[in-house]
Amino acid sequence: MQGTTRLKKEDTTDMTQGAIIPLIVRFSLPLLMGNLFQQLYNTVDCVIVGNYVGKEALAAIGSTGFLINALIGFFMGLAAGGAVVISQYFGAKDYGRVGRTVHTMLAGSLIAGVFLIAFGHFASPVMLRLMATPDDVFGMADSYLRIYFAGSLFQLVYNVAAGILRALGDSRRPLYFLIASSLINVVLDFVFVLGLGMGIEGAAYATVISQAVAMVLVLIVMLRTKECYRLVPGRLRIDGPCLARVLRQGLPGGIQMSITAFSNVFVMSYINRFGSSFMAGWACFGKIDQFSMLSLQSISLAVTTFAGQNYGALKLDRIKKGSSVSLGLAFSFGIVTVLLFEFFPHFLVALFNRDEEVLFYGMCFLRVGAPFYVFRCLTMVFSGALRGLGNALSPTIVMLSSFVAFRQLYLFVITRITDSYVPMLFAYPVGWGLCGILMAVAYLAFTRSRRFTGHFSGIADKTA
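No experiment lies behind these values; they were computed from the predicted model shown. (Residues numbered from 1 in each chain as written. Predicted model: local features only at pLDDT ≥ 70, side-chain atom pairs only at ≥ 80, totals over all residues. Heavy atoms only, no water.)

**Some thoughts on the overall build of the protein**
Helix and strand content of the protein: 18 helices and 0 strands. The buried share of the protein, reckoned over its 464 residues, is 60%. With an accessible surface of roughly 18,100 Å², the protein has 67% of that area assigned to carbon and sulfur atoms. (Helix = DSSP H or I, 4+ residues; strand = E, 2+ residues; numbered from the N terminus. Buried < 20%, exposed > 50% of the residue type's maximum accessible area, 1.4 Å probe, protein only. Areas by Shrake-Rupley, 256 points an atom, 1.4 Å probe, with all protein chains shown as cover.)

**A few points about helix 10 (residues 294-312)**
For an α-helix, 3.6 residues make a turn, and residues three or four places apart therefore share a direction. Compared with the 27 Å implied by 1.5 Å per residue over 19 residues, the 27 Å span of helix 10 between its first and last C-alpha is a close match. Of all 19 residues making up helix 10, 17 are buried, and the element is well covered by its neighbours. Of the residues one or two after helix 10, Leu 314 is the one with positive phi, at around 60°. (Expected span 1.5 Å × (residues − 1).)

**A closer look at the side chain of Thr 304**
Mapped onto the elements of the fold, Thr 304 is located in helix 10. Accessibility expressed as a relative area gives 13% for Thr 304, which makes it buried. In this structure, Thr 304 is in contact with Val 84, Ser 87, Gly 384 and Gly 388, ignoring residues within four places of it in sequence. (Contact = heavy atoms within 4.5 Å.)

**Looking at the confidence of the model for the protein**
Of all residues in the protein, 84% attain a pLDDT of 70 or more, and the chain-wide mean is 79. Averaged pLDDT values for the elements of the protein fall to 41 in helix 18 (residues 459-463) and rise to 91 in helix 16 (residues 427-447). A low-confidence stretch, residues 455-464 (pLDDT under 50), is modelled with 16 contacts involving residues beyond four sequence positions or located in other chains. (pLDDT = per-residue confidence, 0-100.)

**What to know about the packing of helix 10 against helix 11 (residues 316-343)**
Taken N-terminus to C-terminus, the directions of helix 10 and helix 11 make an angle of 175°; their axes are 10 Å apart at the nearest point. Taken together, helix 10 and helix 11 sit at an angle that is classed as roughly antiparallel. Seen from helix 10, the contacting residues are Ser 295, Leu 296, Ile 299, Val 303, Phe 306, Ala 307, Asn 310 and Tyr 311; seen from helix 11, they are Arg 318, Ile 319, Gly 322, Ser 323, Ser 326, Leu 329, Ala 330 and Phe 333. Classifying every residue of the contact of helix 10 with helix 11 by side-chain character gives 10 nonpolar, 5 polar and 1 charged. (Axes fitted to C-alpha atoms, helices over the stretch in contact; angles between N-to-C directions. Parallel < 35°, antiparallel > 145°, perpendicular 65-115°, else oblique. Nonpolar A, V, L, I, M, F, W, Y, C, P; charged D, E, K, R; others polar.)

**A word on the packing of aromatic side chains**
Within this structure, the stated rule accounts for 18 aromatic pairs. When the ring of Phe 278 is compared with that of Tyr 361, the centres are 4.9 Å apart and the planes differ by 75°; the resulting orientation is edge-to-face. Separated by 83 residues along the polypeptide, Phe 278 in helix 9 (residues 276-292) and Tyr 361 in helix 13 (residues 356-369) bring together distant segments of the chain. Among the residues examined, Phe 278 registers a relative accessible area of 0% and is labelled buried. Look at Tyr 361 and you get buried, because its relative accessible area is 17%. Ring geometry for Phe 278 and Tyr 421: centres 6.1 Å apart, planes at 65°, overall edge-to-face. (Phe/Tyr/Trp six-rings, centres within 6.5 Å; stacked < 30°, edge-to-face > 60°.)

**Thoughts on the side chain of Thr 104**
Residue position: Thr 104 is located in helix 3 (residues 95-130). In contact with Thr 104, not counting residues within four places along its chain, are Arg 237, Ile 238, Asp 239, Cys 242 and Leu 243.

**Examining the environment of Ile 209**
Structurally, Ile 209 is set in helix 7 (residues 199-224). Classification of Ile 209 by relative accessible area gives partly exposed; the value is 37%. For the pair Ile 209 and Leu 188, spaced 21 residues apart in sequence, the C-alpha to C-alpha distance is 8.7 Å.

**Some thoughts on helix 9**
With 17 residues, helix 9 should reach 24 Å at 1.5 Å per residue; the first-to-last C-alpha distance of 24 Å fits that figure. Burial analysis of helix 9 places 14 of its 17 residues in the buried class, which makes it a mostly covered element.

**Concerning the packing of helix 10 against helix 14 (residues 373-388)**
Between helix 10 and helix 14, the least distance of the axes is 7 Å, while the angle of their chain directions is 25°. Considering the angle they form, helix 10 stands roughly parallel to helix 14. Judged by the sense of rotation from one axis to the other, the crossing of helix 10 with helix 14 is right-handed. In this structure, helix 10 uses Leu 296, Gln 297, Ile 299, Ser 300, Val 303, Thr 304, Ala 307, Gly 308 and Tyr 311 to contact helix 14, whose residues at the interface are Arg 376, Cys 377, Met 380, Val 381, Ser 383, Gly 384, Ala 385 and Gly 388. By residue class, the composition of the contact of helix 10 with helix 14 is 9 nonpolar, 7 polar and 1 charged. (Left-handed = near helix turned anticlockwise from the far one by under 90°.)

Pasting the structure below:
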């Protein structure tokens, strides 16, 4: 039975009608800005630590990123699946199930957050040893991780709540919250690291506090609204049917994100063999790469919401048009990225550290990776569309094949052939190329299959 709650037009965006290009652009821009400010959490840490504490501290932060993603990625994948479920219910005007799914997701995020705090605290030193973290980096990396995971509950709850708002077409308010928390993070970085001399621990505390602010702000919105996504603390519980559908949609993505990130932990063991300068150069590249991907990630999220809502409304031709439009936008951003990486690598790396060796290695990573960014456009757009359509398995298989199986095999073989650092530069770019091609094939195959073109008896049957 469908809920009857009405939603205010200004709070959400109905993407099942209207001109496609303006919808995608208006929805993507706040996401882009939000992702930009979210990246400032760790990036400001890296800039300040790299310039005022030292390259060993920069290497410590850079080496922890994969471990953080490995633990948090699984639950964030589940949350992304839940957002798809909500967008489909919203497209079908089933507001009652929207509310039940909201409370199920938030209750689950609280449980997952407590687990992450405990697991991160005890597992951090073990995982750092598995990555062959050098002794001159180990102590700082361990301290950063323990503090970071102590605040992981804030990050997880915020991302789940913000994902709920975005699934309903509201990408504006999560942006405001990220701007506020990111500015707080910048101020606290200067206070803790430079003013109080707390070093890498100060950067971690600044990140945790700013994430807590973002969480509080988004929860206030959900507590005060009168609409179907309103948070009622007394209703926080796990709804069996809602959880089952969230797991069906989110489990493949969660497994993929977690395994990929965990695989990258072992990639770091190869990178760490070349010393702290190579590690710091990799850390610089990693942060620059994250910024370069913001536009693609924003478009991918927009495509997921667009496809999910139109899937719920059974508007199949509109889904294909939306994917084509989004791919054109993604290619535009991809070309800009290629030009920046090829012509301004020194300027980009120098923002993080000016050590000659760090600059050299960071520039190598950028220039080698630049031509492969066009393939990442295919990956982000088509994986977003497939997930919005409820097909989370295909992107999972493609990404695990490209980012885990192929990459680990490549590194295993190449490190037994040569001790040169040069082949390390290609481990990620070649995987991007393979993934982009396979993802395009998966999207075309799915949109021509009977599951997409003819297997519909109504969204109510699919969600019952």
